[in-house]
Amino acid sequence: MDIIEQYKGLVEFLGAVLGCHYEIALSDLRDDNNCIVAIANSYISGRKVGSPLTDMVSNMIQNGQNPESNYLIHYQGITVDSRPLLSSSYFIRDGEQVIGMLSINFDEQYLQDLNTRLFSLFGLEPNISF
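Residues numbered from 1 in each chain as written. Predicted model: local features only at pLDDT ≥ 70, side-chain atom pairs only at ≥ 80, totals over all residues. Heavy atoms only, no water.

A. Highlighting the side chain of Thr 79. Mapping Thr 79 onto the fold places it in the loop between strand S3 (71-78) and strand S4 (84-94). Reaching out from Thr 79, the side chain makes a polar contact with the backbone nitrogen of Arg 83 at a distance of 2.8 Å. (Helix = DSSP H or I, 4+ residues; strand = E, 2+ residues; numbered from the N terminus. Polar contact = N/O pair within 3.5 Å; in protein donor to acceptor, adjacent residues only side chain to side chain.)

B. Main features of the pattern of salt bridges. Applying the stated rule across the entire model yields 6 salt bridges. Across the salt bridge formed by Arg 30 and Asp 2, the nearest N and O atoms sit 2.6 Å from each other. Note that Arg 30 is positioned in the loop between strand S1 (22-28) and strand S2 (35-40) and Asp 2 in the segment before helix H1 (3-18), a separation of 28 residues in sequence. Note on Arg 30: relative accessible area 40%, which makes it partly exposed. (Salt bridge = Lys/Arg side-chain N within 4 Å of Asp/Glu carboxyl O. Buried < 20%, exposed > 50% of the residue type's maximum accessible area, 1.4 Å probe, protein only.)

C. Broad picture of the nonpolar core. If you look at the biggest cluster of nonpolar residues, it comprises 11 residues: Ile 4, Tyr 7, Val 11, Leu 14, Ile 24, Leu 26, Ala 38, Ala 40, Ile 92, Ile 99 and Leu 102. Per-element tally for this core: the top contributor is H1, with 4 residues. Every residue in contact with Val 11, bar those within four places of it in the chain, is listed here: Ile 24, Leu 26, Ala 38, Ile 39, Ala 40 and Leu 102. The next biggest cluster of nonpolar side chains, apart from the first, holds 5 residues, and it includes Leu 29, Leu 53, Phe 91 and Met 101. (Core = buried A, V, L, I, M, F, W, Y, C linked by side-chain atoms within 4.5 Å. Contact = heavy atoms within 4.5 Å.)

As structure tokens, then:
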């Protein structure tokens, strides 16, 4: 079985376990049509199966970068409509070559809204930014 195919079930599983504020995206980086091949909770970013890679990943591929680490955590992502995401990615390898990526994106707007509601309960202005 193809290694990327094996991760598709994990996308649906993680989306269900982590819940509606987390987007899980699986990207195949093996050919010129680099794109998302599976996604859960896609309403967070507006991306779908077949959507192109993020700029960060595209730049990594174009520059021939092969990350030394197996993952990258808590970096700033962004939706197509410029909302912030807290992103983490796991690099899927075939030997040393990165051939895919499993990304988890958290909708930071949820925390900002929660912050506003919590402060309003006490009659205070929100003063914490994420």
